Amino acid sequence: DSFIAMIYERLKLMHDLLAEDGNIYVHCDWRVNSHIRLVLDEIFGEENFQREIIWDVTVLSGYKTIANNWIRGHDTILFYSKNKDRFAFNKVYQPHTEAYLSGFNKVDEDGRKYMVAHKSKRYLDEAVAKGKPYGDVWGDVPSFQQIPTAGERVNYPTQKTEALLERIIRASSNEGDLV
C-alpha cells in the first residue's frame, strides 16, 4: 500500500508535467503491475491506455528452473498517452525474416522478385525497403538477465538496456522533443 501511494504521487506529477502529445511507459515488477495499471487508468484515464507491451526476457537456467511453477519469462511495460487523440508515435520497423523473404519466389517481366498474397502482388525490393513494424511482444531486445555481463550494465536493480530505451524513444518522440 505504501509503495502504491508513493508511486501514485509521482505518476500524478509526471502526468502534470507531460506535454499534451506526450506518452509514458511504465515498467514495474509483476507483483504490482496490476495495481499500477489501475493507478495509471485513474490518473491518465482508461481511454489513454495505448498498449501492454510484453518484453520477452526468457532465461531458462539457474535458480528459476527449480521453481515449482511456470518460469517467468516476460516483463510488462504499460504504454499510456496523455491525450488519446493527439500523441507522438512513430512506427519502428525491423527487417523481415529470411523465411518470409524466401516466399518471394516469382519473377516478373522486369526481373523483379514478387509473391502473391491476399490476391495482390508484393515485391521483394519494396518489402525489404519498408521492413516489418514491431508488434507489442518484444523478443529481440535482450535484458540484463540474458546478458548479465553487458558493458553498459551498472548493476542498478531496475536498469533497462539502451536498446529498449532507444526503441521507446524513437517510437514516442520526435526530433527536438524533451524526453
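Anything mentioned here points back to the structure above.
Described in the following lines is the structure provided in the data block.

What counts, and where the lines are drawn
- Residues numbered from 1 in each chain as written.
- Predicted model: local features only at pLDDT ≥ 70, side-chain atom pairs only at ≥ 80, totals over all residues.
- Heavy atoms only, no water.
- Helix = DSSP H or I, 4+ residues; strand = E, 2+ residues; numbered from the N terminus.
- Rg over C-alpha atoms; globule rule 2.2 N^0.38 Å.
- Buried < 20%, exposed > 50% of the residue type's maximum accessible area, 1.4 Å probe, protein only.
- Contact = heavy atoms within 4.5 Å.
- Areas by Shrake-Rupley, 256 points an atom, 1.4 Å probe, with all protein chains shown as cover.
- Pairing = 2+ DSSP bridges.
- 1 Å grid on protein atoms, 1.4 Å probe; cavity = no way out; pocket = protein on both sides within 12 Å on 5 of 7 lines; lining within 4 Å.
- Points joined across faces, edges and corners; volume = space filled by probe spheres on them.
- Nonpolar A, V, L, I, M, F, W, Y, C, P; charged D, E, K, R; others polar.

### What about the overall build of the protein?
Item 1. Along its length, the protein carries five helices and nine strands.
Item 2. Listing every helix and strand of the protein by position from the N terminus yields α-β-α-β-β-β-α-β-β-β-α-β-β-α.
Item 3. Relative to the compact-globule value of 16 Å for 179 residues, the protein shows a C-alpha radius of gyration of 20 Å, a clear excess of over 25%.
Item 4. If you line up the protein on its principal axes, its C-alpha atoms span 70 × 45 × 30 Å.
Item 5. Taking all 179 residues of the protein together, 34% fall into the buried category.
Item 6. For the protein, contacts bridging at least 24 residues in sequence account for 64% of all contacts bridging at least 6.
Item 7. Carbon and sulfur atoms make up 53% of the accessible area of the protein, which totals about 12300 Å².

### Describing the sheet that holds strand S9 (residues 137-138)
Item 1. The strand order S1-S3-S2-S9 describes an open sheet built from four strands, whose pairing is mixed. Looking at which strands have only one partner, the edges of the open sheet turn out to be strand S1 (23-27) and S9.
Item 2. Pairing of strand S2 (residues 49-56) with S9 involves two bridges; the strand directions are parallel. Across the sheet, the residue bridging to isoleucine 54 is valine 137, located in S9.

### What about the layout of surface pockets?
Item 1. A volume near 1600 Å³ is recorded for the largest pocket.
Item 2. Along its surface, the largest pocket is lined by 46 residues, and Tyr25, Val26, His27, Lys160 and Leu165 are the ones closest to its centre.
Item 3. Of all the elements in the fold, those that place two or more residues in the lining of the largest pocket are helix H1 (2-17), S1, helix H2 (33-44), strand S3 (74-81) and helix H5 (162-172).
Item 4. When grouped by side-chain class, the residues that make up the lining of the largest pocket number 25 nonpolar, 14 polar and seven charged.
Item 5. In this structure, the second largest pocket encloses a volume near 320 Å³.
Item 6. Surrounding the second largest pocket, 17 residues form its lining, Arg51, Phe79, Phe89, Tyr134 and Gly135 being those nearest its centre.
Item 7. Among the secondary structure elements, those contributing two or more residues to the lining of the second largest pocket are S2 and H5.
Item 8. Counting residues per element, the lining of the second largest pocket draws most heavily on S2, which supplies three residues.
Item 9. When the residues that make up the lining of the second largest pocket are grouped by side-chain class, the tally is 10 nonpolar, three polar and four charged.

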